[in-house]
Amino acid sequence: MEQCLCHRIKGEDIVNEWVAFSTTKGLLKLTVNNLETFEHEVSKSSKKTSVYGLNVLVLFNMSIVCVFFCKGSQKRALTTPEHPQSKRSAARLPSPGLLLSPASFSPCATPSQKYSMRGARGEVVAMFGDVQGPRWSGKGQTAVQVDLLEGREDSLTSSYKYMFQRLRDVRDVLTEKIEVLGEELRTHFNIEEFSPASLPAQDTISVLGQVCCDSNGKLNAQSVLLEASQEHGARQVPVDLSELKDYSLFPGQVVVMEGMNTSGSRLVASKLYEGVPLPFYSTSELKQEMNEGSEPVMVMVACGPYTPSDSLAYDPLIDLINIINKDRPDVCILGAYLNPLHELVCLQLQYLLYVTGCKLVLIPSQRDVHHHYIYPQPPFTLPDLKKDDVQRVTLAPEPCTLLIGGVTLGLTSTDILFHMGAEEISSATGSDRFSRIMKHMLTQRSFYPLYPPAEEVNMDYERFQQYGLLPLTPDVLIAPSELRYFIKDVIGCVCVNPGRLTKGQVGGTYGRLLLQQNPVQEEGKRVNPCLAAQVVKI
């Protein structure tokens, strides 16, 4: 704090200075002597810049540096030995000790008034399937099998080194994606061959490539480029969409465009071939014996944050625990903004295990400040988990595909709906944007098909190629988002956005599903094992 105020350096800048200083000195520990040496170095190189309206508190704890910001009520004037601060201006400013006192940074554990006064508790706001027949209460069946679809051997189960990827490795992953999806498109639509994107041709050609934007701005109908794979020249060609009647495009999408490119400098697209979804579990090679007499399984899904924005009290989580205790779901899936090592959270999770008897699935989020900030994200680690609880707690990575009672669930806590919704363009006005985005995920066979990713997504492409692609089309795909909740049947997959448990200072929503492994086909057609689904207000 002293160094920030004395040298007029922003908190993040002084953190960067310390990291650089410590690295050049052989990773020094944070001691008083080392800080004095560091201060001497900073005083020689720091710039005389002011920090307006910003008070910075820097806490040093071993090798961890945390920076907290709070807005000041008044501007702080720049003072130097040549231009000292006047007594009159000093009197107007509160003291640094008052601004940066521990009380000003103490978390507010007072329950949120807006949350406690919320209305419409328990109201069903979205539904799917047979909503009249089923009773929304499970049996707390500990016998329900919950597994990672591909087994722990082929799933992301532990942390890994990141921030080491090379550009050519990223290029190889993207090239392989184009080639694999391109071959599926060629086979499915009986396309004879692909032509180079920038080669002049007087006849209609088919071009395989990845959609991208001609600038760093948002994609629009005039800025679409098609980037071919390495095999076809890896060139980018502008695309004219004026002759396409129906299209939905986003950066990173692998497509085949049919059209004319007489000059070699612009492709006038007349037809668009999009991706092909993978088969479902029951029709894939992963098929296992089905139990026709199996009981329906109730699954409850909730996504954080678990506290209102104006309080750190865990009232929403406690309310959710009470609902779980009342409804007795067989499986409870909790994702995003949850620290399972927090004392209160740990007590609540133990209550879930011992009182309700349900299976528990924990999925991390990139917004969890205590966990690895990387995508794909390794699962939480609970070293103190008792042996009796190991079989009842599934620590899943982000993203993942689960097998619950023979039914497949694709799960991601990253807000792909919000990210793709900001980038996707479509010729259809007023159509169902959510269904289009979920269809893109299924046909592009990826939990995160957007490229480049949103700024908040720290992507490791080699691990993404291993763990971020859909292994099949799941029976249910769950993608929580800041956008409005929904339940939709998209090309045979039940897609659910359960919303978040809190929305700002008020209560949000959670989801519940009734699943039953069902090998019976009606009139030769597949029947989705999701019998019913609802989104409910907390």
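Notes on the structure in this doc start here. Counting of residues starts from 1 at the beginning of each chain's written sequence and follows it residue by residue. Local features are withheld for residues below a pLDDT of 70 in this predicted model, meaning they are given only at 70 or higher, and side-chain atom pairs are given and counted only at 80 or more; totals for whole chains, interfaces and linings count all residues. The side-chain quantities take in all heavy atoms of the structure and omit both hydrogens and water.

1. A look at the overall build of the protein
(1) Moving on: Assigned secondary structure in the protein consists of 13 helices and 24 strands.
(2) Moving on: Residue contacts are counted whenever heavy atoms from the two residues lie within 4.5 Å of one another. For the protein, the proportion of contacts with a sequence separation of at least 24, taken over those separated by at least 6, is 71%.
(3) Moving on: Looking at the protein as shown, the accessible area adds up to about 27,300 Å², and 51% of this sits on carbon and sulfur atoms. Each helix is a run of H or I in the DSSP string that is no shorter than four residues. Each strand is a run of E no shorter than two, and both are numbered from the N terminus. We get accessible surface area from the Shrake-Rupley algorithm with a probe of 1.4 Å; when it comes to residues, only the shown protein chains can shield them.

2. Description of helix α7 (residues 167-188)
(1) Moving on: For a helix, the expected span equals 1.5 Å multiplied by the number of residues minus one. With 22 residues, α7 extends 32 Å between its outermost C-alpha atoms, agreeing within 8% with the 32 Å of an ideal straight helix rising 1.5 Å per residue.
(2) Moving on: Burial classes follow relative accessibility: with a 1.4 Å probe on protein chains only, a residue under 20% of its type's maximum area counts as buried, one over 50% as exposed, and anything between as partly exposed. Within the span of α7, buried status applies to D169, V170, V173, L174, T175, I178, L181, G182 and L185.
(3) Moving on: Tucked into the core, α7 has its buried residues touching β5 (201-213), β6 (224-227), β9 (254-261), β10 (267-273) and α13 (461-467).
(4) Moving on: Immediately beyond the C-terminal end of α7, within one or two residues, lies N190, with a positive phi of roughly 55°.

3. Examining the pairing of strand β11 (residues 297-303)
In summary, the side chains of a regular strand alternate between the two faces of the sheet.
(1) Moving on: By the criterion of burial, β11 is predominantly enclosed, with seven of the seven residues buried.
(2) Moving on: Sheet topology places β11 next to strand β23 (residues 509-515); five bridges connect them, and they run antiparallel. By the bridge assignment for β23, M300 is matched with R512.
(3) Moving on: Paired strands, as defined in this entry, are two strands with at least two bridges between them according to DSSP. In this structure, β11 lies alongside strand β12 (residues 331-335), joined through five bridges in parallel fashion. Bridge pairing links M300 to C332 in β12.
(4) Moving on: The β-α-β motif built from β11, the intervening helix α8 (residues 315-327) and the parallel element β12 has right-handed crossover chirality. The handedness rule is simple: strands pointing away from the viewer, and a clockwise path from the first strand over the helix to the second, make the crossover right-handed.

4. Quick look at the sheet that holds β11
The pairing of strands in a sheet comes from backbone hydrogen bonds and takes either a parallel or an antiparallel form.
(1) Moving on: Taken in spatial order, the seven strands of this open sheet run β3-β24-β23-β11-β12-β13-β14, and their pairing is mixed. Edge strands, defined here as strands with exactly one partner in the open sheet, are β3 (124-129) and β14 (393-395). With direction set aside, neighbouring strand axes in the sheet form an average angle of 15°.
(2) Moving on: Where β23 lies against strand β24 (residues 530-537), seven bridges are found, and the strand directions are antiparallel. Looking at the pairing, T509 lines up with K537 of β24.
(3) Moving on: Inter-axis angles, ranging from 0 to 180 degrees, are taken between N-to-C directions of lines fitted to C-alpha atoms, where helices are fitted over the stretch in contact. The strands that α8 touches are β11, β12 and β23; relative to β11, the one it contacts most, it runs at about 175°.

5. With respect to the pairing of strand β20 (residues 493-497)
(1) Moving on: Of all five residues in β20, five are buried; the element is thus mostly enclosed.
(2) Moving on: Covered by surrounding structure in β20 are C493, C495 and N497 together with V494 and V496, the residues of both alternating faces.
(3) Moving on: Here three bridges tie strand β18 (residues 476-478) to β20, and the two strands are oriented parallel to one another. Bridging across to β20, V476 finds its partner in V494.
(4) Moving on: With five bridges joining them, strand β19 (residues 486-490) and β20 adopt antiparallel strand pairing. Opposite K488, over in β20, you have C495 as the bridge partner.
(5) Moving on: What sits between the antiparallel neighbours β19 and β20 is a turn of two residues, in which I491 has the positive phi angle 40°.

6. Quick look at the sheet that holds β6
(1) Moving on: Around the barrel, five strands lie side by side as β5-β6-β7-β10-β9; this closed barrel has mixed pairing. Each adjacent strand pair in this sheet contributes to an overall mean axis angle of 55°, direction not counted.
(2) Moving on: Pairing of β9 with β10, which is carried by five bridges, proceeds in the antiparallel orientation. Bridging from a neighbouring strand, G259 pairs with A269 of β10.
(3) Moving on: Running at roughly 75° to β9, α7 makes contact with β5, β6, β9 and β10 of the sheet.

7. Some remarks on the packing of aromatic side chains
(1) Moving on: Only centres within 6.5 Å qualify two rings of Phe, Tyr or Trp (six-membered ring in Trp) as a pair; their planes then separate them into stacked at under 30 degrees, edge-to-face at over 60, and tilted for everything else. The final tally for this structure, using the stated rule, is seven aromatic pairs.
(2) Moving on: Put simply, the rings of Y375, Y448, Y451, Y461 and F464 pair up and form one aromatic cluster.
(3) Moving on: Consider the ring centre and the ring normal. A charge sits over the ring if Lys NZ or Arg CZ is within 6 Å of that centre and within 35 degrees of that normal. Note that R526 overlies the ring of F280, its terminal NZ or CZ placed 3.6 Å from the centroid.

8. Some details on unusual backbone geometry
(1) Moving on: Residue E398 is joined to P399 through a cis peptide bond whose omega torsion reads 0°.
(2) Moving on: Note that P399 resides in the loop between β14 and β15 (400-404).
(3) Moving on: Y451 connects to P452 through a cis peptide bond whose omega is -5°.
(4) Moving on: Of note in the backbone geometry, N190 takes a positive phi value of approximately 55° without being a glycine.
(5) Moving on: Within the element layout of this structure, N190 appears in the loop between α7 and β5.

9. A look at the side chain of H440
(1) Moving on: Structurally, H440 can be placed in helix α12 (residues 433-443).
(2) Moving on: In this structure H440 touches S248, F250, Q253, E274, M420, E424 and R445, once residues within four positions along its chain are discounted.

10. Some thoughts on the environment of S427
(1) Moving on: Looking at the secondary structure, you find S427 in the loop between β17 (425-426) and α12.
(2) Moving on: A residue is classified by how much of its surface remains accessible, and S427, at 26% relative accessible area, is partly exposed.
(3) Moving on: Note: C-alpha distance between S427 and D246 (181 residues apart in sequence) is 5.6 Å.
(4) Moving on: What S427 contacts, discounting residues up to four positions off in sequence, is K245, D246 and Y247.
(5) Moving on: Definition of a polar contact: a pair of N or O atoms within 3.5 Å, with one able to donate and the other able to accept a hydrogen when the atoms are protein atoms, and with sequence-neighbouring residues admitted only if both atoms are side-chain atoms. In terms of polar contacts, S427 uses its side chain to reach the backbone amide nitrogen of Y247, at 2.9 Å.

11. Focus on the pattern of salt bridges
(1) Moving on: Each reported salt bridge corresponds to a side-chain nitrogen of Lys or Arg within 4 Å of a carboxyl oxygen of Asp or Glu. A complete count under the given rule lists 14 salt bridges for this structure.
(2) Moving on: Here D169 and R166 are joined by a salt bridge, their closest N and O atoms 3.0 Å apart.
(3) Moving on: What makes D169 buried here is its relative accessible area of 13%.
(4) Moving on: On the accessibility criterion, R166 (43% relative accessible area) is partly exposed.
(5) Moving on: With its nearest N and O atoms 3.5 Å apart, the salt bridge here joins R445 to E184. Of the two residues, R445 is situated in the loop between α12 and α13 and E184 in helix α7; the sequence distance between them amounts to 261 residues.
(6) Moving on: Residue R445 is classed as buried on the basis of its relative accessible area, which comes to 11%.
(7) Moving on: With a relative accessible area of 34%, E184 lands in the partly exposed category.
(8) Moving on: Among the charged side chains, a network of salt bridges with common partners joins R367, D415, E456, E482 and R500.

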